[in-house]
Amino acid sequence: MKLRTLEMTLQRLPGFTRPRPSLEQYQTPAPLAARLLFHAFMNSDIEGKRVCDLGSGTGVLGIGAALLGAESVVGIEIDEKAVLTAQAGADLLEADVEFIVADAKDPSLPDRVGACDTVIMNPPFGAQKAHADRPFIDLALRLAPVIYGIFNAGSTPFVTAYTNRRGEITDRVGGSFPIRRTFSFHTKDVQEIEVEILRLKRVP
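Just so you know, these numbers come straight off a predicted model, no measurement behind them. Throughout, a residue's number is its position along its own chain's written sequence, starting from 1. In view of the model being predicted, local features appear only for residues whose pLDDT reaches at least 70, and side-chain atom pairs are presented and counted only at 80 or more, with totals across whole chains, interfaces and linings using the full set of residues. Note that the side-chain values use all heavy atoms of the structure and ignore hydrogens as well as water.

Q: Residue-level account of the overall build of the chain, with values.
A: When you go through the chain residue by residue, the secondary structure sums to 7 helices and 7 strands. Seen in sequence order, the chain has helices and strands lined up from the N terminus as α-α-β-α-β-α-β-α-β-α-β-α-β-β. Throughout, a contact is declared for two residues whenever any of their heavy atoms are within 4.5 Å. Residue pairs at least 24 apart in sequence account for 70% of intrachain contacts in the chain once pairs closer than 6 positions are excluded. Carbon and sulfur atoms make up 49% of the accessible area of the chain, which amounts to about 10000 Å² in all. Numbering of helices and strands runs from the N terminus, with a helix taken as a DSSP run of H or I at least four residues long and a strand as a DSSP run of E at least two residues long. Each accessible area is a Shrake-Rupley result for a 1.4 Å probe, and residues are judged covered by the shown protein chains and nothing else.

Written out as C-alpha cells, the structure is:
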C-alpha cells in the first residue's frame with residue numbers, strides 16, 4: 001500500500017464523539033498517522049510484526065498497522081467510548097485489531113498484552129497534565145524493543161534524558177498536527193502544532 005493510499009484510507013475513520021480534554025483527546029490526523037506508519041513499515045517494523053497501539057484513542061494507528069500487514073495488533077485505551085469508536089473503524093476497514101480498555105499505568109499490562117515487536121503511539125503532550133506522556137514511554141519500553149511516538153517538536157532532548165540508558169533515539173521525522181477547535185478554551189479554528197515522530201530503540 002502506498003503512502004497516499006494509506007492516508008486516504010485512514011481519513012475514512014470516525015473521530016471522537018465526545019472528546020475529553022483531561023485525556024487530551026485529539027484525533028490523530030490521517031496524514032501524520034500515515035507518515036508514522038509508513039516510516040515504520042519501511043524500517044521493517046510493521047509487516048509481520050506484533051504491534052501495540054498504546055493510548056489507541058479511535059484506533060487510527062493500530063488500524064493502519066493492521067492494513068500494512070502486521071501479524072497482530074492490540075490497542076490499549078483507557079476510554080471505553082473511544083474503544084467503541086475504534087472497533088467500529090476497524091470493522092469499517094476490515095482490520096483485525098484487538099482493543100483493551102486499560103490505563104497505561106496498570107502494572108499488569110505487560111503480562112496481559114505479552115511481548116510485542118513494535119509500539120506505536122500518540123501519547124498526551126502534557127498540555128493538561130504535566131508529564132502525562134511518561135507512563136506511556138515507560139510502558140512502551142517494557143512492551144517492545146522498538147517504539148514510534150508522536151511528540152511535541154523539540155522533545156528529543158527530554159526523551160533522551162528521560163529514557164537514560166533504557167532507550168536511544170534512532171530516527172526523527174518532523175511533522176505538523178493541526179488541532180481543530182474542539183474545547184471551550186480553544187481560541188482558533190485550527191492551530192498547527194509542530195511535532196516530531198521519534199523512533200526509540202530499547203537498550204538491552
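Q: A description of the nonpolar core should follow, citing residues and the corresponding values.
A: In this structure, Leu10, Leu36, Leu37, Ile46, Ala65 and Ile120 are the most contacted members of the largest nonpolar core, which totals 36 residues. Breaking this core down by element, the ones donating at least two residues are helix H1 (3-10), helix H2 (30-42), helix H3 (60-67), helix H4 (80-92), strand S5 (146-152) and strand S7 (190-202). Top contributing element to this core by residue count: H2, with 7 residues. Buried Ala, Val, Leu, Ile, Met, Phe, Trp, Tyr and Cys residues that are joined via side-chain atoms within 4.5 Å together make up what is termed a nonpolar core. Here the term buried applies to any residue with accessible area under 20% of the maximum for its type, exposed to any over 50%, and partly exposed to those in between, with areas from a 1.4 Å probe on protein chains only. Among the nonpolar cores identified, the runner-up in size contains 24 residues, and Leu54, Ala144, Val159 and Leu200 belong to it.

Q: Give a description of the packing of aromatic side chains that names residues and reports values.
A: Stacked, edge-to-face and tilted labels apply to pairs of Phe, Tyr and Trp rings (six-membered ring for Trp) whose centres lie within 6.5 Å, assigned for plane angles under 30 degrees, over 60, and everything in between, in that order. Going through the model one piece at a time under the given rule, you end up with 2 aromatic pairs. A positively charged side chain is recorded as over a ring if its NZ (Lys) or CZ (Arg) lies within 6 Å of the ring centre. The angle to the ring normal must also be within 35 degrees. The residue whose ring lies beneath Arg166 is Tyr162, and the NZ or CZ to ring-centre distance is 5.2 Å.

Q: I'd like a description of the pairing of S5, backed by residues and values.
A: Of all 7 residues in S5, 6 are buried; the element is thus mostly enclosed. Both strand S4 (residues 118-121) and S5 contribute to a ladder of 4 bridges, which runs parallel. Across the sheet, Ile120 pairs through a bridge with Tyr148, a residue of S5. Any two strands with at least two DSSP bridges between them are considered paired.

Q: Give a detailed account of the pairing of S4, specifying residues and quantitative values.
A: Burial along S4 is two-sided: the residues Thr118 and Ile120 and Val119 and Met121 are all buried. The pairing of strand S1 (residues 50-54) with S4 spans 4 bridges and is parallel. Within the sheet, the bridge partner assigned to Leu54 lies in S4 and is Met121.

Q: Help me get a handle on the side chain of Asp45, residues and values and all.
A: Position of Asp45 relative to the elements: it lies in the loop between H2 and S1. On the basis of relative accessible area, Asp45 is assigned to the buried category, the value being 7%. Within the structure, Asp45 has its side chain in polar contact with the side chain of Tyr148 (distance 2.5 Å). Here the side chain of Asp45 touches Arg199 through a polar contact of 3.1 Å, side chain to side chain. Definition of a polar contact: a pair of N or O atoms within 3.5 Å, with one able to donate and the other able to accept a hydrogen when the atoms are protein atoms, and with sequence-neighbouring residues admitted only if both atoms are side-chain atoms.

Q: Please set out the environment of Asn164 residue by residue, giving values where relevant.
A: With respect to the helices and strands, the residue Asn164 is situated in the loop between helix H7 (156-162) and strand S6 (167-180). The sequence separation of Asn164 and Val203 amounts to 39 residues, and the corresponding C-alpha distance is 9.5 Å.

Q: Tell me about the pattern of salt bridges, and please be specific about residues and values.
A: Think of a salt bridge as a Lys or Arg side-chain nitrogen and an Asp or Glu carboxyl oxygen that are within 4 Å of each other. Tallied over the entire structure, the rule returns 6 salt bridges. In this structure, Arg4 engages Glu7 in a salt bridge whose closest nitrogen and oxygen atoms are separated by 2.7 Å. One end of the pair is Arg4 and the other is Glu7, both in helix H1 and 3 residues apart, which spans about a single turn. In this structure Glu7 comes out as buried when scored by relative accessible area, which is 15%. Salt-bridge contacts for Arg199 lead to Asp45; the nearest nitrogen and oxygen are separated by 3.1 Å. Remark: Asp45 occurs in the loop between H2 and S1 and Arg199 occurs in strand S7; sequence separation between them is 154 residues. Of the two residues, Arg199 and Asp45, both sit in the buried class.

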